[in-house]
Structure formats: structure tokens, C-alpha cells
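Listed below, chain by chain, are the residues.
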Amino acid sequence: MTRTLEREIISTKQQKIANLARQAPEMVLTTLAHHIDLMWLEEAYRRTRKDGAVGVDGVTAEAYEERLQANLSDLLERFKSGRYRAPPVRCVHIPKDGTPKKTRPIGIPTLEDKVLQRAVLMVLEPVYEQDFLDCSYGFRPGRNAHQALDALWKGLMDIGGGWVIDLDIQDFFGSMERTHLNAFLDQRVRDGVIRRVLGKWMHAGVMDEGVISYPERGSPQGAVISPLASNLYLHEVLDTWFEREVKPRLRGRAFLVRFADDATLAFEREDDARRVLEVLPKRFARFGLTLHPEKTRLVDFRSPSRAGQERGSQRERSFDLLGFSHYWGRSRKGRWVVQRKTAKTRFSRALRQIGQWCRRNRHRPVAEQQQVLSRKLRGHNAYSGITGNARALSRFRFEVQWHWRKWLNRRSHATRLDWSAFNRLLRRYPLPPARVVHSIYAT
């Protein structure tokens, strides 16, 4: 059987699951695990990244592939019989915000764990995609950060800016209460085999510097299944609550945009926004979550023409989401429009990483450095290249050139590049121009 045919068979099965879930939104599904067979696991393996760090068992993709069919068959048998034991997640600490002084933990599951989690995700995703609302964009098939940004921009322009609740949840992934998560799962999926392995992953533990701990709350970070679990949690805690209970009680228009645990709530009226801001901490506390008391704030984001005057600092009249600062500015035609630019923290972090790379690789051939820096700039444009951000893109490109020249000059005391000489080098080894990739005006 060809790989294309196998994928078509799996896609057909997923479509059947999706159709059943969509046609019976109140149905609790009790038989899903039978879809996971050897073909399903083989496809899950193909979708799993092979170049990541190894887990606690030290098994690499190369070693696993030496007996791939036998390993997957054994994995399938252990999964179906209940003999599968979820290994601890290996915890590593990586620099936070590009600085080695601050770190954040990242979980690294074993390769086999990733494969089985991917297989289970391939079953559950078609179910929950029928339930999740349009306001959520993070870690969902066919959805991305730029769609979330576009929805936010259009919504803000529609209501004239309004009043914005900039939401920040403290340690969300580490705070989810598993009793609530299980209750949310019970509403839709009660397949015994699936639920058993989900429970094992939640209680697998974390190995940090050789010591295994078993947190009582939260979802394992780095796990393939965690984004779905987090989306389900906030779907119940925030999305459906806001759409079905909050919005019908408001006096003006309002909308929500959420990407994973980053959320922005916008209101046409100040009184609506203040009432919701007052009840939000209570709502989240009911499910074990805490809003950051300083980072969660209410922003007067009304259009200056609507507010009657410009008041307060830029910080007070702007907010950040997904790496972009949102603020009001004049269009080329002189109208007030919502504008976006790369957030200061995102800009500084990306530039710091460029400088660190240039320092570490300054002795490599110039042609090789140019190739890598070009890839980094194209990657930066691919995410940050949105309408209205051209000035920040151009500045970032200039700063990259500045760092490159700085570290090339430190390769040798004998060779010094002034800007005239460096510009000649750039003509020979050009860097890609700043470019807007995502236009709000594209049809």
C-alpha cells in the first residue's frame, strides 16, 4: 500500500470522526481507540519531529527506526492492553527572553511518547475542532497567529477601539487542575483506552537533573498532547463562558481573541469592560487559575477621534499581543487606524540572539555568515512582516547589519571595516530587504 493511499485512509477516518462529532454535539464518544492501528501509528511517526533532543530513555530516531515496525507493533499492543507506562518528561532549562540569567523549563518527552501522543491527538483533534469556537487560534489545524492578529485588528476597527482587557494568566500550564480537565473531557470523550493513557501522561512526572518529581497540577510542558488539553481547558473556562454567559448580558458590542493562553477581550463600552474585569479573577480562581495582578489591565483603547483627545502615555493607550504592540496612529490619508509594530521585548530579544550568533560565528567564512543571517532575516520577515510594521522591519535589518559589522571587525586587528568598506561587502554578500509579507489589504 502506498503512503499516499494510507494517508487518504486515515484522512477519511478522521473526517468520519469529525462528522459524527459535528452532527451530535451533545454525544459522549466512548469508542475512539479502535481507529489507532499500525497504519495510524506509522503516520503518527512520520508526523513526529526526529531531530529533537532525546528523552529520559536516550533513544534517538535513528535507533528507533532500526526496528521500526517491531517497535510500533509493540507500542500498539502496550497501548491497547493498558501495559504502556508513560515515562517521565526530561526537563531542561533554556534562557528566557534571550538572557542566560532567566530561564524557563522545557519538557522533552521520549520519542515513543511523542509518537503515541501524536496518534491520540490525531483521534481527538477531529472531535474537539467541532466544539472549539472561532475566537481561539492557537495550536489548531488551519489556524495561526496572523489570523488572530487580523481578527483583532478588524474587531477593534469595527468598534472604534473601545476598552481592552489585556489578560495575563500566571503559570497557566502549571496551574491547570486535573480534576477540572477530566470533567471537561468527560463531556465529550469517555473511551477507556484513550482516557487511561491521558491520565498516565498527566501523572508521568518530571525528571530535572536526575530527580523525578510528580506535580499535582498542570500539564507536562513540551508534550504533544498539551496544546489540545490547554485549549480544552480555556475553551470551557473562558471561551464558552464569555460567548454564552457574558456577551448576552452586555450593553454594547464585545469580542474575544485567544491564542493558547494569550487572550484579549475588547468592549465597546467602559462599563461593560469594568464589570467583566471585576468577575474575571473569580471565574478563573474557580478553576485554579490566577490572573497576574499587574500584567492584567484595562486599556482605554478608544480611537482618539472617539475619545475626543489624546491622553496618557503610549504605554497606557497601547497593549501587546503575540509579539506586536497595538496602538492608534494616522494612516497616509490622515485617518485614525489601529497600527501594529514589533513589541519592544520581541524586538530586543530577536536582536540579542542575532548579536550572540554573530559573536559565536564571526570566524566562519563571510559567505556562510551571509547565508545564515539571510535565513534569519527572512524568518523575521515571515512573522513580523505585517501591515504597518515596515519601519520596525527596516530598523531590525539595519541593526542586524550593525551587529554583523561589529563582530566582523573583531575577527582580526589587521582588518577593519568602516561603513564604506562594509557597504561594498554588502553589495557582494547582500542581505534580504525588509518586506511586508502579511497584508491586511490582501484579498
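Residues numbered from 1 in each chain as written. Predicted model: local features only at pLDDT ≥ 70, side-chain atom pairs only at ≥ 80, totals over all residues. Heavy atoms only, no water.

### Things to note about the overall build of the chain
Turning to step 1, where the next piece is worked out: A count of helical and extended segments in the chain gives 16 helices and 11 strands.
Turning to step 2, where the next piece is worked out: Its C-alpha radius of gyration of 25 Å places the chain within 12% of the 22 Å reference for a compact globule of 443 residues.
Turning to step 3, where the next piece is worked out: Overall size of the chain, expressed as C-alpha extent along the three principal axes, is 70 × 65 × 45 Å.
Turning to step 4, where the next piece is worked out: Out of the 443 residues belonging to the chain, those deemed buried represent 49%.
Turning to step 5, where the next piece is worked out: Split by element, the accessible area of the chain, about 22800 Å² in all, is 49% carbon and sulfur. (Helix = DSSP H or I, 4+ residues; strand = E, 2+ residues; numbered from the N terminus. Rg over C-alpha atoms; globule rule 2.2 N^0.38 Å. Buried < 20%, exposed > 50% of the residue type's maximum accessible area, 1.4 Å probe, protein only. Areas by Shrake-Rupley, 256 points an atom, 1.4 Å probe, with all protein chains shown as cover.)

### What to know about the side chain of H326
Turning to step 1, where the next piece is worked out: Tracing the sequence through the fold places H326 in strand β10 (residues 324–330).
Turning to step 2, where the next piece is worked out: At 3.3 Å, the side chain of H326 and the backbone oxygen of F324 are in polar contact. (Polar contact = N/O pair within 3.5 Å; in protein donor to acceptor, adjacent residues only side chain to side chain.)

### Looking at a positive patch on the surface
Turning to step 1, where the next piece is worked out: A surface patch of positive charge is lined by R359, R360, R375, K376 and R378.
Turning to step 2, where the next piece is worked out: Listing elements by their share of the positive patch, those giving two or more residues are α13 (344–360) and α14 (366–384).
Turning to step 3, where the next piece is worked out: It is α14 that contributes the most residues to the positive patch, three residues altogether.
Turning to step 4, where the next piece is worked out: Under the relative-accessibility criterion, R359 is labelled partly exposed at 38%. (Patch = residues over 30% accessible without salt bridge, like charges linked within 9 Å, V, L, I, M, F, W, Y side chains within 5 Å. Salt bridge = Lys/Arg side-chain N within 4 Å of Asp/Glu carboxyl O. Lys, Arg positive; Asp, Glu negative; His and termini not counted. Charge placed at Lys NZ, Arg CZ, Asp CG, Glu CD.)

### Details of the sheet that holds strand β11 (residues 336–342)
Turning to step 1, where the next piece is worked out: Read from one edge to the other, the open sheet built from three strands follows the order β9-β10-β11, with strand pairing classed as antiparallel. Single-partner strands in this sheet number two, and they are β9 (319–321) and β11. Neighbour-to-neighbour, the strand axes of this sheet turn through a mean angle of 40 degrees, independent of strand direction.
Turning to step 2, where the next piece is worked out: By the bridge criterion, seven bridges tie β10 to β11 in an arrangement that is antiparallel. Looking across to β11, one finds that Y327 is bridged to Q339. (Pairing = 2+ DSSP bridges. Axes fitted to C-alpha atoms, helices over the stretch in contact; angles between N-to-C directions.)

### Structural notes on helix α1 (residues 3–23)
Turning to step 1, where the next piece is worked out: Along its 21 residues, α1 runs 30 Å from first to last C-alpha, staying within 8% of the 30 Å computed at 1.5 Å per residue.
Turning to step 2, where the next piece is worked out: Within α1, the full set of buried residues consists of E6, I10, Q14, I17, A18 and A21. The buried side chains of α1 occupy one side of the element, clustering within an arc of 110 degrees when seen end-on. Of the residues in α1, the exposed ones pointing more than 90 degrees away from the buried face are T4, K16 and Q23.
Turning to step 3, where the next piece is worked out: For α1, the secondary structure elements touched by its buried residues are α2 (38–47) and α5 (111–128). (Expected span 1.5 Å × (residues − 1). Arc of directions from axis to C-beta. Contact = heavy atoms within 4.5 Å.)

### A word on the confidence of the model for the chain
Turning to step 1, where the next piece is worked out: Averaged over every residue, the pLDDT of the chain is 92; residues scoring 70 or more account for 95%.
Turning to step 2, where the next piece is worked out: Within the chain, the lowest mean pLDDT, 72, falls on helix α12 (residues 304–307), and the highest, 98, falls on strand β6 (residues 254–259). (pLDDT = per-residue confidence, 0-100.)

### What to know about the pairing of β10
Turning to step 1, where the next piece is worked out: Burial runs high along β10: six of the seven residues are buried.
Turning to step 2, where the next piece is worked out: Pairing geometry for β9 and β10, over three bridges, is antiparallel. Considered in β10, the bridge of L321 is made with F324.
Turning to step 3, where the next piece is worked out: A loop of two residues connects β9 with β10, the two strands running antiparallel in sequence, and L322 in this loop sits at a positive phi of about 55 degrees.
Turning to step 4, where the next piece is worked out: Between β10 and β11, which follow one another and run antiparallel, lie five residues, and G334 among them has a positive phi close to 90 degrees.

### Digging into the packing of aromatic side chains
Turning to step 1, where the next piece is worked out: For the structure on display, the rule yields 15 aromatic pairs.
Turning to step 2, where the next piece is worked out: Seen in terms of ring centroids, F242 and F267 are 6.0 Å apart; in terms of plane orientation they differ by 80 degrees. Their pairing is edge-to-face. Here F242, found in helix α10 (residues 226–246), pairs with F267, found in strand β7 (residues 262–267); they are 25 residues apart in sequence, far enough to count as distant. Take F242 and F267: they sit in the same class, and that class is buried.
Turning to step 3, where the next piece is worked out: Pairing F301 with W328 gives two aromatic rings, centres 5.7 Å apart and planes at 35 degrees, and the pair type is tilted. In this pair, F301 is assigned in the loop between β8 (297–300) and α12 and W328 in strand β10, connecting sequence segments 27 residues apart. Residues F301 and W328 agree in their burial class; the two are buried.
Turning to step 4, where the next piece is worked out: Each member of the aromatic cluster is reached from another via a ring pair, and the members are F172, F173, F184, Y233 and F287.
Turning to step 5, where the next piece is worked out: Stacked on the ring of Y137, the Lys or Arg R143 has its end atom at 4.6 Å from the ring centre. (Phe/Tyr/Trp six-rings, centres within 6.5 Å; stacked < 30°, edge-to-face > 60°. Lys NZ or Arg CZ within 6 Å of the ring centre and 35° of its normal.)

### Focus: the nonpolar core
Turning to step 1, where the next piece is worked out: Formed by 77 residues in total, the largest nonpolar core has its most connected members in I36, F79, V120, L124, I194 and F284.
Turning to step 2, where the next piece is worked out: Examining the composition of this core, we find that 11 residues originate from one element, α5, more than from any other.
Turning to step 3, where the next piece is worked out: Leaving out residues up to four positions away in the same chain, I36 has contacts with L41, L76, F79, K80, A119, V120, V123 and I194. (Core = buried A, V, L, I, M, F, W, Y, C linked by side-chain atoms within 4.5 Å.)

### Section: the sheet that holds β6
Turning to step 1, where the next piece is worked out: Read from one edge of the open sheet, four strands run β6-β7-β3-β8, paired in antiparallel fashion. Pairing within the sheet leaves two strands with one partner each, and these edge strands are β6 and β8. With direction set aside, neighbouring strand axes in the sheet form an average angle of 20 degrees.
Turning to step 2, where the next piece is worked out: Note that strand β3 (residues 163–167) and β7 share five bridges and pair antiparallel. By the bridge assignment for β7, V164 is matched with A266.
Turning to step 3, where the next piece is worked out: Helix-sheet contacts for helix α6 (residues 145–159) involve β3, β6 and β7, and the interaxial angle to β6 is about 165 degrees.
Turning to step 4, where the next piece is worked out: Along the sheet, helix α11 (residues 270–285) contacts β3, β7 and β8; its crossing angle with β3, the most-contacted strand, is approximately 20 degrees.

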